[in-house]
Amino acid sequence: MKIAIVGAGGVGGYFGARLAAAGQDVWFLARGRHLDAIRRCGLRVKSRLGDVHVNPAQATDDPAAIGPVDLVVVTVKLWDTEAAIAAAKKLAGADTAFVSFQNGVVAADQLAAAFGRERVLGGVSHISAVISGPGIILHTGTMARLTVGELDGRRTARVNAFVDACRKAGIDAHASDDIRRAIWEKFIFLASFSGVTTLTRLSKGPIFADADTRALFEAAIAEAVAVARANGVALADDVVATTMRFSEGLPDEMKSSMLADLERGNRLELPWLSGAVAQLGAAAGVPTPVHRVIFQALKPYAGGRVSSVMPV
């Protein structure tokens, strides 16, 4: 497959490197020092699942130089979605499909509005990975999973082809018959995990070790579940308990990418995570006091410190 990764950060860099190392025709859209390093030295992934060094790596800041691809994979931060869509238009051929592995619950709808619902797949990534330096992706823990599916639930050749390519690259990949539910299940976890870790400036271990912060995290999950159900998402009855068990099994040192962004002075995805839970809850008449406080407390940091942001 010819695949364009729009956003070669932690998610796009990790999975794109695995696919490229397995022989797929992968192109990375990047910028700044990260792009320069990839061009000079290739793209490195450091991971407990095995390091990868793709050298040379196909990387550019000009989507027109890539030309039409089979699949556009969007992995930019949520505030860059419109710019990513503009770049993706230069990668579109007659049969190009588009998939977002971004956070939040609106990315697939944004792609569908731009390219047509029939050309868009829904996607979910579960991984903790960041750019640790120009040209270097650091993967924390061993969780690295992709889920993809048609928005209407059909099992199609393009979904199967991507899942097969991922599995041949050693990626834990799955096709979903209900990708909307999968997107919301991740959102429930991520909005809560990112919010509580960033609010407390703590990794998972200390949060679960203290009864009060553990209860705060569980309350955040329960709020997001209530919002999902109010929006017509069919969730299992035990989804709160299941999400807590999943979270408890994460490495104690695991932090959210939003906490990493806060520590580096970068812009935060806060409005699309806890902010979105609070906004969607208000629209549906669902109380969300935990997420509302998280949003209010972190809002002063949401814009980041521009001078310290490393271009990606």
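Our structure is the block above this text.
Predicted, not measured: the structure shown is a model, and the values here were computed from it.

J.: Would you mind showing me how to read the environment of Gly135 here?
T.: Mapped onto the secondary structure, Gly135 falls in the loop between strand 8 (120–133) and strand 9 (136–150). A sequence separation of 92 residues divides Gly135 from Leu43, and the C-alpha atoms of the two residues are 5.1 Å apart. Sequence-distant contacts of Gly135, defined by excluding residues within four places in its chain, comprise His34, Ala37, Ile38, Gly42, Leu43 and Arg44.

J.: Any chance you could explain empty space enclosed by the protein here in plain terms?
T.: A probe matching the size of a water molecule, rolled over the atoms, marks out where space remains unfilled. A full pass over the atoms with the stated rule returns 1 cavity of 30 Å³ or more. Approximately 60 Å³ is the volume attributed to the largest cavity. Residue lining of the largest cavity: Ile5, Val11, Gly12, Phe15, Gly16, Leu19, Val73, Thr75, Phe101, Leu146 and Phe162, and that is the complete set. Residue classes in the lining of the largest cavity are distributed as 8 nonpolar, 3 polar and no charged.

J.: Is there a simple way to think about the packing of helix 3 (residues 81–89) against helix 4 (residues 107–115) in this case?
T.: For any two helices packed against each other, one specifies the inter-axial angle together with the distance between the axes. Packing of helix 3 against helix 4 brings their axes to within 11 Å, and their N-to-C directions diverge by 40°. As judged from the angle between their axes, helix 3 and helix 4 are oblique. Viewed along their axes, helix 3 and helix 4 form a crossing whose handedness is right-handed. In this structure, helix 3 uses Thr81, Glu82, Ile85, Ala88 and Lys89 to contact helix 4, whose residues at the interface are Gln110, Leu111, Ala114 and Phe115. Per-class residue counts for the contact of helix 3 with helix 4 are 5 nonpolar, 2 polar and 2 charged.

J.: What should I look at first to understand the pairing of strand 9 in this one?
T.: Sheet faces and side chains relate simply in a regular strand, where the side chains alternate between the two faces. The sheet contact formed by strand 3 (residues 43–46) and strand 9 spans 3 bridges and is parallel. Bridge pairing links Val45 to Ile137 in strand 9. Sheet analysis places strand 8 next to strand 9, joined by 12 bridges and oriented antiparallel. Across the sheet, residue Ser125 finds its bridge partner in strand 9, namely Leu146. Between strand 8 and strand 9, which pair antiparallel and follow one another directly, the connecting turn spans 2 residues, one of which, Gly135, has a positive phi of 80°. As judged from the 4 bridges shared by strand 9 and strand 10 (residues 172–175), these two strands associate in the parallel manner.

J.: Got a minute to help me understand the environment of Gly42 in this structure?
T.: Along the chain, Gly42 falls in the loop between helix 2 (32–41) and strand 3. Sequence separation of Gly42 and Ser132 is 90 residues, and the distance between their C-alpha atoms is 15 Å. Once residues lying within four places of it in the same chain are set aside, the contact partners of Gly42 are Ala37, His53, Val54, Asn55, Ala57 and Gly135.

Criteria and cut-off values
Residues numbered from 1 in each chain as written. Predicted model: local features only at pLDDT ≥ 70, side-chain atom pairs only at ≥ 80, totals over all residues. Heavy atoms only, no water. Helix = DSSP H or I, 4+ residues; strand = E, 2+ residues; numbered from the N terminus. Contact = heavy atoms within 4.5 Å. 1 Å grid on protein atoms, 1.4 Å probe; cavity = no way out; pocket = protein on both sides within 12 Å on 5 of 7 lines; lining within 4 Å. Points joined across faces, edges and corners; volume = space filled by probe spheres on them. Nonpolar A, V, L, I, M, F, W, Y, C, P; charged D, E, K, R; others polar. Axes fitted to C-alpha atoms, helices over the stretch in contact; angles between N-to-C directions. Parallel < 35°, antiparallel > 145°, perpendicular 65-115°, else oblique. Left-handed = near helix turned anticlockwise from the far one by under 90°. Pairing = 2+ DSSP bridges.

Any link to function would need more than the numbers given here.
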